[in-house]
Every structure is written in structure tokens, then in C-alpha cells.
Amino acid sequence: MSATTYENYSPGLQGVIGGITSVSKITVEESRLEYRGYNVHDLASKGSFEETAYLLLKGKLPTQAELDEFNATLDAERAIPSQVVDALRACAPGTHPMDMLKAAYSVLAGYDPEYDQEDPTDHEVNVRKAIRILAKAPAIVTAAYRVANGKDPIAPKSGLRTAANFLYMLHGEEQDEYTELVMDASLTLYAEHTFNASTFACRVTVATLSDIYSGIVTGIGTLKGPLHGGANEEAMAMLLEVGSPENAEAWIRDALATKKKIMGFGHREYKVGDGRAIYLTEVAKEIGRRKGNTKWGDIADIMEKVMREEKNIYPNVDFPAAYAYYLLGIPIELYTPIFVMARVSGWSAHAIEQLDNNRLIRPSCIYEGDLDKAYVEIQNR
Ligand SMILES: CC(C)(COP(=O)(O)OP(=O)(O)OC[C@H]1O[C@@H](n2cnc3c(N)ncnc32)[C@H](O)[C@@H]1OP(=O)(O)O)[C@@H](O)C(=O)NCCC(=O)NCCS
């Protein structure tokens, strides 16, 4: 590509306003993220993932009665059709977990009772579809993992909320309350994040008056990349390489000296720290104490201190998420699929918002190729 700079063109669309939203807002100077006006720190530390999903999809915090009804609907919608499991089984050995999720949601679309929706902009139908998409995410993520590892999926257990049901279907038994709390908080913190790449891609898809499932499949495909969703897995790979608190300082100084990117640190938007990392660090360290394994928290402290001193760069949400999930015994290849389990709520909220006031998204581009070339018959080339 040319190195020419153009007026009104920003590579990567950095700084370009891509739309108007009332789903979430980042206040960069204060490292604050709000979902519909509520600080995510409050939602994660005082609320539940389901309250957050309700807020994102319906625009307000639920009353207790509304939350009970929402949880009952999620409960009734958690199971996935056997044909979705068949589709997961049809994936080639070694298929990337995110590709398995795309396959599952593509097949699931046709089993939605409102698949034949007449008007793709119908708000109420789209909310109902979003709730089904959200409800089934833990069963899809765990079935994909279990099938890929030669195991049968475990059916969801009635009465368990999203985080608890995910852990149950993954491990085959219910986990303790604090383990569920850590998972629940991480889902809240991963649920939504303004116009990131996958959310924007999801909005582009639905803006053609395609459907909300297609938007979700687009979102998953976009989140798969290591520049977006994959950082939590890479952060854990790095922590495993560091291995011990004794090794941490030398490891990170050496990595910085050789200009390595430290996974789980830095952010395009937040320059003075990612607010989501604060509460997740707290609970990740607490789960370490409860499990009698404070090693990862100790390594994290040392790495954070050196990064602050040397680069003035802070951890992002993926750093504490990585060792929190590790301490919960979650396989590393599930870290990005867990992100999907949370983010389907944000993607859906954006898809609905887009369709409520739709206009096709179709940017312009600058052409740099040749023009006016004479066509030469194939036999004369
Ligand atoms: C997230 C990220 C892509 C944001 O990048 P960005 O805003 O484009 O910032 P840049 O990559 O231009 O970095 C600016 C400077 O900070 C440094 N920097 C940024 N993140 C860094 C990191 N994680 N480790 C080491 N140095 C980092 C860059 O090397 C660069 O330094 P220089 O000016 O001396 O060359 C980047 O911080 C990163 O790659 N982080 C690691 C991956 C990650 O955790 N992603 C999840 C994000 S939620």
C-alpha cells in the first residue's frame, strides 16, 4: 500500500466516528467504562451478568421481578438442538474453537422459532432472538470444547445462571460460590465495549438487513483474531513462560529490552489504565488466596510494577482474566470463547440499536490502481 497520506483518511479508521450509540461509553481520561450510564465496576462488583445483559438488551436495570422472569426465560432457552451438536461433531479435528462457534450459531439460526421473521428491524423479535442467542452460549461453548476433546456434551442444569451453568457443563459438577462469582464478574466486564472491531463488524452485517444471527457469526469471526479477542490466551501463555515470581522481573526487563509486546498490557483507548482490570485483579487475587496459590498474583504484581516504571503502561482486562481463568481450572483454549459467551449480549444490543434506526454502512475508499487500460484479448496477452 502507498505511504501517501490523504486528507479525510485515517488508517484503521482511528479517530473516525462510526456511529451514534447509547449502549456504552468509554471515558478515556478516567479509565471509565459505562454500560447505558452505569459504571461497569458497580455492575461487576454489585450486580450479576444477567442484570447486565438485561440492561444492555432492554435499556434499563431490571426490578427483582423482571430479573426473575429474565432468568426463567434464559433457563428455559439454555438447551441447544442436537443438530447443533451434530454440526460441532462435523468440524474437522483441530478446527479452531472460534470456527466451531461460528458453525454452531449458523446452524442454530434456522432452529430459531422466529427464523422466518418478516421484518428484520422488528425490535421485539430481535430482543427475543438475542435472549435465545445469549441463553444458549454456555451450552455451545462447552459442547464445542467437549466434542473437540472426544467427550459428550453435558446438558444445562435448570436453575443455574450463566456463569454457574457454564462451569457445570464444562467440569460436569457445580463449582463453589466464589468460583461462580469470579466467572460472573468476568462475563460482566467482557460484555460490551463500544465500537470495537467485532461490534462494528456485527453492525455492518445487520445494517444490510441481514439477520441478528449473521451479525453474531460476523462478530465471532472478527473476535477470533489475536489483535482483538485472543490476548487473554496469549497473556496466560506468557505467564506460564515466566513461571515464578523470582523469574518475573528479569523476564519482563529482558522482554522490554528486546522490544517484545507484553500481552495483557496497553490499550488503544485507555492510556492510564483499563478500569475493567481493577475489579478483576481483586477477584483474581482472592481466588488465588482461596486456592492457596498466590503465585500468579505475585508474578502479576511484579510485571505491573516494571511496566508502570519502564513504560507507563497498565494492564488491560485480559491480564487478570488470564490468571483468574487459569486458577479456576479453565482450559486456555476456552478463554476467547468465554469472551464470546459474554460479548453476544453487547453485539446483540448493538445489532438491535442499528436495526432500530438503520442505514446501510458503506464507506468510501481511495483508489490507487491504474485506470483507462486497454483490454487485450486473452490469446494476445
Ligand atoms: C492493545 C494495543 C494493540 C494498543 O496499541 P496502540 O494503542 O496502537 O499502541 P502502540 O502499539 O502504538 O504502542 C505505543 C507504545 O507503547 C508500547 N506498548 C504498547 N503496548 C505495549 C505492550 N503491551 N508491551 C510493551 N510495549 C507496549 C509500544 O511498543 C509503543 O512504544 P514505542 O512508542 O516505544 O514504540 C497494544 O497495547 C498491545 O499490543 N498490547 C498487547 C496485546 C493486548 O493485550 N491486547 C488486548 C487489548 S484489550
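Residues numbered from 1 in each chain as written. Predicted model: local features only at pLDDT ≥ 70, side-chain atom pairs only at ≥ 80, totals over all residues. Heavy atoms only, no water.

## Regarding the site of the ligand
- Residues in contact with the ligand amount to 16 residues; listed here are only the nearest, Lys261, Ile262, Gly264, Phe265 and Asn316.
- Within the backbone of Gly264, one N or O atom sits 2.8 Å away from an oxygen atom of the ligand.
- Between Asn316 and the ligand, the recorded distance is 2.9 Å, taken from a side-chain N or O atom to an oxygen atom.
- In isolation the ligand exposes 850 Å². Once the protein is present, 62% of that is buried.
- Taken together, the residues of the shell around the ligand sort by class into six nonpolar, four polar and six charged. (Near = heavy atom within 4 Å. Polar contact = N/O pair within 3.5 Å; in protein donor to acceptor, adjacent residues only side chain to side chain. Areas by Shrake-Rupley, 256 points an atom, 1.4 Å probe, with all protein chains shown as cover. Nonpolar A, V, L, I, M, F, W, Y, C, P; charged D, E, K, R; others polar.)

## Considering the domain arrangement of the chain
- Considered domain by domain, the chain is made up of domain 1 (39–227 + 333–356) and domain 2 (231–327).
- Once you take the C-alpha centre of each, domain 1 and domain 2 turn out to be 27 Å apart.
- With 23 residues of domain 1 in contact, the opposing surface of domain 2 contributes 22 residues.
- Summing the contributions of domain 1 and of domain 2, the shared interface buries around 1900 Å²; its carbon and sulfur component is 63%.
- For the domain 1 face of the interface with domain 2, the top three residues by lost area are Tyr178, Tyr190 and Tyr335, together amounting to 36%.
- Inspection of the region where domain 1 meets domain 2 yields zero salt bridges.
- When contributions to the side of domain 1 that touches domain 2 are tallied by element, the ones reaching two or more residues are helix H1 (40–46), helix H8 (177–190) and helix H16 (335–356).
- Of all the elements, H8 adds the most residues to the side of domain 1 that touches domain 2, at nine residues.
- Residues belonging to the side of domain 1 that touches domain 2 are distributed by class as follows: 15 nonpolar, six polar and two charged. (Domains from an automatic or database assignment. Contact = heavy atoms within 4.5 Å. Buried area = accessible area lost by both parts, 1.4 Å probe. Salt bridge = Lys/Arg side-chain N within 4 Å of Asp/Glu carboxyl O. Helix = DSSP H or I, 4+ residues; strand = E, 2+ residues; numbered from the N terminus.)

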